[in-house]
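Breakdown of the fold
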Amino acid sequence: MTVLESESAMSSATKNIYDEHIKPLPRDQQVQLLDLLRNELENGDEDGRPHSILELHGLGKEIWQGVDGDEYVKKLRDEWEERVR
């Protein structure tokens with residue numbers, strides 16, 4: 001994407017914020033702002049809240065309803081043994 005394409009895709013409000021508040025900043029402050037934004041995007045969701053692995057607890061449990069775990073594992077092992085032979 002070229003600079004012109006990215007500017008046309010940028011909302012006018014975002015462009016106004018950039019032109020009025022960010023562009024006039026000294027380069028070192030622009031870099032600090034970029035670091036803040038990068039950190040926020042890497043470590044949080046859209047609300048800025050980091051996720052926890054514990055949020056996945058119970059997800060998809062309906063898929064396994066009525067499935068005996070021991071039988072399922074036995075079936076997988078049998079399939080693996082068939083492939084090895």
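Predicted, not measured: the structure shown is a model, and the values here were computed from it.

Turning next to the overall build of the protein chain. Per the secondary structure count, the protein chain includes 4 helices and 0 strands. Going from N to C terminus, the protein chain has its helices and strands arranged as α-α-α-α. Per element, the accessible surface of the protein chain, about 8200 Å² overall, is 55% carbon and sulfur.

Okay, the packing of aromatic side chains next. Two numbers describe a pair of aromatic rings. These are the distance of the centres and the angle of the planes. Counting across every chain of the model gives 1 aromatic pair. With 5.0 Å between their ring centres and 80° between their planes, Trp64 and Tyr72 make a pair best called edge-to-face. Judged by its relative accessible area of 35%, Tyr72 is partly exposed.

Turning our attention to the pattern of salt bridges. Within the structure shown, the criterion is met by 3 salt bridges. The residue Asp19 makes a salt bridge to Lys15 at a minimum N-O spacing of 3.0 Å. Placement of both Asp19 and Lys15 in helix H2 (residues 12-22) is noted, with a separation of 4 residues, approximately one turn of the helix. Overall, Asp19 belongs to the partly exposed group, its relative accessible area being 32%. Looking at Lys15, the relative accessible area reads 23%, which means it is partly exposed. Across the pair Lys74 and Asp78 runs a salt bridge, and its minimum N-O distance is 3.1 Å. Here the residue Lys74 and the residue Asp78 both occupy positions in helix H4 (residues 69-84), the gap between them amounting to 4 residues, near one helical turn.

Turning our eyes to something else, we now look at the environment of Lys23. Relative to the helices and strands, Lys23 resides in the loop between H2 and helix H3 (27-43). Judged by its relative accessible area of 52%, Lys23 is exposed. When near neighbours in sequence (up to four residues on either side) are disregarded, Lys23 contacts Tyr18 and Gln30.

Our focus in this paragraph is a nonpolar patch on the surface. A cluster of nonpolar side chains, contributed by Ile63, Trp64, Val67, Tyr72 and Val73, occupies part of the molecular surface with about 460 Å² of accessible area. Following the sequence through the fold, Val73 ends up in helix H4.

Here is what the cut-offs are and how they apply
- Residues numbered from 1 in each chain as written.
- Predicted model: local features only at pLDDT ≥ 70, side-chain atom pairs only at ≥ 80, totals over all residues.
- Heavy atoms only, no water.
- Helix = DSSP H or I, 4+ residues; strand = E, 2+ residues; numbered from the N terminus.
- Areas by Shrake-Rupley, 256 points an atom, 1.4 Å probe, with all protein chains shown as cover.
- Phe/Tyr/Trp six-rings, centres within 6.5 Å; stacked < 30°, edge-to-face > 60°.
- Buried < 20%, exposed > 50% of the residue type's maximum accessible area, 1.4 Å probe, protein only.
- Salt bridge = Lys/Arg side-chain N within 4 Å of Asp/Glu carboxyl O.
- Contact = heavy atoms within 4.5 Å.
- Patch = residues over 30% accessible without salt bridge, like charges linked within 9 Å, V, L, I, M, F, W, Y side chains within 5 Å.

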